[in-house]
Amino acid sequence: MYLDHFGLKEAPFAITPDPRFVWLSERHRDGLAHLLYGVGQGGAGGFVLLTGEIGTGKTTLSRLLLEQLPERTQVALILNPRLSAFDLVEAIAEEFGIDLDGRRGSLKAMTDALNAWLLSRHADGWHCCVMIDEAQQLSMDALEQVRLLTNLETATQKLLQVILLGQPELKDILAQPELKQLAQRITARYHLTALDADEVADYVRHRLAVAGAHREVFLPRALALIANASAGVPRLINVLADRALLAAYVAGSYTVDAGMVRSAIREAQVPAPARPGVRMVLVLLAILVVPLLAWRYCGSSGGVCRSRDNGLAASGGCTRTPARWGCSPADPCLGCGGHGRSAAASAALPAAPLRRAALPACCRQFAKTGAAPGAGIAEFAGRCGFT
């Protein structure tokens, strides 16, 4: 709808994994390198594990890999892993183009056919690999069957390499004791993470350029909002950028501003993060208000003083020190050297201010509240030399 408006040849933010639009961050390049390692001789017949959150680009990297396969390399790609162990072997054989006529009813017969085919390809100098997407969906039996397939080998070399792509929970699955043998065969692991704010901006500009854009479309603040709301996940970036372009088209604008991105966030039902200024205000309020409330109501619990304002005059002196100030309940209460004295006995204290270091820790802490309302507190602070 908006292509002609922005001078684009095709939709720049389709969620299908089109390798032409791929923009590789440093982490995506590392992930692709691990996959290339897996399909090459470097994998040595073991497992290669690539994990990442939903929408971070695992499937896109797998498609990119298929376009960059080394010579004499053949890959069986399994996109639907919710299969039994039996069906998985059948699916792998079919992906390799193996004739299973007369063998489909027997797991052993299909495995024998697969082994014979792999031996033939190995003799011709081919390297064969199975790549399973969404591998966290594999059952325990299916995972064990995949491990058994990697037992197919010659006297010197494994015949089959396996690449597992999946969400982070796949790592937890493979860490279970019953899959210890499989985990020990993983020769390379990589976890794909999301893009940072600068990478999001480069990603958006790249896709627009591939689609035919010749000028800046998204304003800097709009790009920052997309980065924040999407958390750097490419799939969410595509969704928000596409809707923001539509909002700009409806408004007759040739640039996308922050308001249009906010509209896209609402339509896509992506929770908008709190603004930094709002977060700072909330933090400051917590820092200022919580201690004040704690002081105001400390007299109603803990036996600190018998008055709500902790005033010595109102209570005739404290009966014990509060544990929250580092004094045990059994200690005598604040007396600035005259431990346990009543208000009358405290009159005998020397008029000269006492040194802060000479006072009990609880006394010093209590005196800090002298700035709060309460004549008793003021009197106490004066006697302790805190003026």
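How each quantity is defined
- Residues numbered from 1 in each chain as written.
- Predicted model: local features only at pLDDT ≥ 70, side-chain atom pairs only at ≥ 80, totals over all residues.
- Heavy atoms only, no water.
- Pairing = 2+ DSSP bridges.
- Helix = DSSP H or I, 4+ residues; strand = E, 2+ residues; numbered from the N terminus.
- Axes fitted to C-alpha atoms, helices over the stretch in contact; angles between N-to-C directions.
- Contact = heavy atoms within 4.5 Å.
- Buried < 20%, exposed > 50% of the residue type's maximum accessible area, 1.4 Å probe, protein only.
- Polar contact = N/O pair within 3.5 Å; in protein donor to acceptor, adjacent residues only side chain to side chain.
- Core = buried A, V, L, I, M, F, W, Y, C linked by side-chain atoms within 4.5 Å.
- Phe/Tyr/Trp six-rings, centres within 6.5 Å; stacked < 30°, edge-to-face > 60°.
- Lys NZ or Arg CZ within 6 Å of the ring centre and 35° of its normal.

Turning our attention to the sheet that holds strand β3 (residues 127–132). Across the sheet, 5 strands lie side by side as β2-β3-β4-β1-β5; this open sheet has parallel pairing. Each end of this open sheet is capped by a strand with a single partner; those strands are β2 (73–78) and β5 (186–192). Going across the sheet, the axis of each strand differs from the next one's by a mean of 15°, ignoring polarity. Note that strand β1 (residues 47–52) and β5 share 6 bridges and pair parallel. Looking at β5, one finds that Leu49 is bridged to Arg189. Where helix α2 (residues 26–39) meets the sheet, it contacts β1, β2, β3, β4 (160–166) and β5, and its direction lies at approximately 155° from that of β5.

Structurally, the position occupied by Gln136 is in the loop between β3 and α6 (140–149). Given a relative accessible area of 9%, Gln136 falls into the buried group. In terms of polar contacts, Gln136 uses its side chain to reach the side chain of Glu134, at 2.6 Å.

A few words on helix α10 (residues 220–230). Ala222, Leu223, Leu225, Ile226, Ala227, Ala229 and Ser230 are the residues of α10 that are buried. Buried residues along α10 sit in contact with α9 (197–211), α11 (234–251) and α12 (258–267). Downstream of α10 by a residue or two, Ala231 has a phi angle that is positive, lying close to 60°.

Turning next to the environment of Ala113. Checked against the element boundaries, Ala113 lands in helix α5 (residues 107–123). A sequence separation of 10 residues divides Ala113 from Arg103, and the C-alpha atoms of the two residues are 8.1 Å apart. Among residues more than four places away in sequence, those in contact with Ala113 are Ile98, Leu100 and Arg103.

Moving on, we get to the nonpolar core. Counting 37 residues, the largest nonpolar core has Phe96, Leu164 and Leu174 as the members making the most contacts within it. Counting residues per element, the ones that place at least two in this core are β1, β2, α4 (85–95), α5, β3, α6, β4 and α7 (169–174). Ignoring anything within four residues of it in the chain, the contact list for Leu174 reads Leu49, Leu143, Leu164, Leu179, Leu182, Ala183 and Ile186.

Moving on: the packing of aromatic side chains. Aromatic ring pairs are defined here through the distance separating the ring centres and the angle between the ring planes. A complete count under the given rule lists 3 aromatic pairs for this structure. Here the aromatic rings of Phe13 and Phe218 are separated by 6.3 Å at their centres, their planes lie at 85°, and the arrangement is edge-to-face. Taken together, the positions of Phe13 in the loop between α1 (3–6) and α2 and Phe218 in the loop between α9 and α10 put the pair 205 residues apart, joining distant regions of the chain. Taken as a pair, Phe13 and Phe218 share a single burial class, namely buried. In this structure, Arg121 packs its charged tip against the face of Trp126, placed 4.2 Å from the ring centre.

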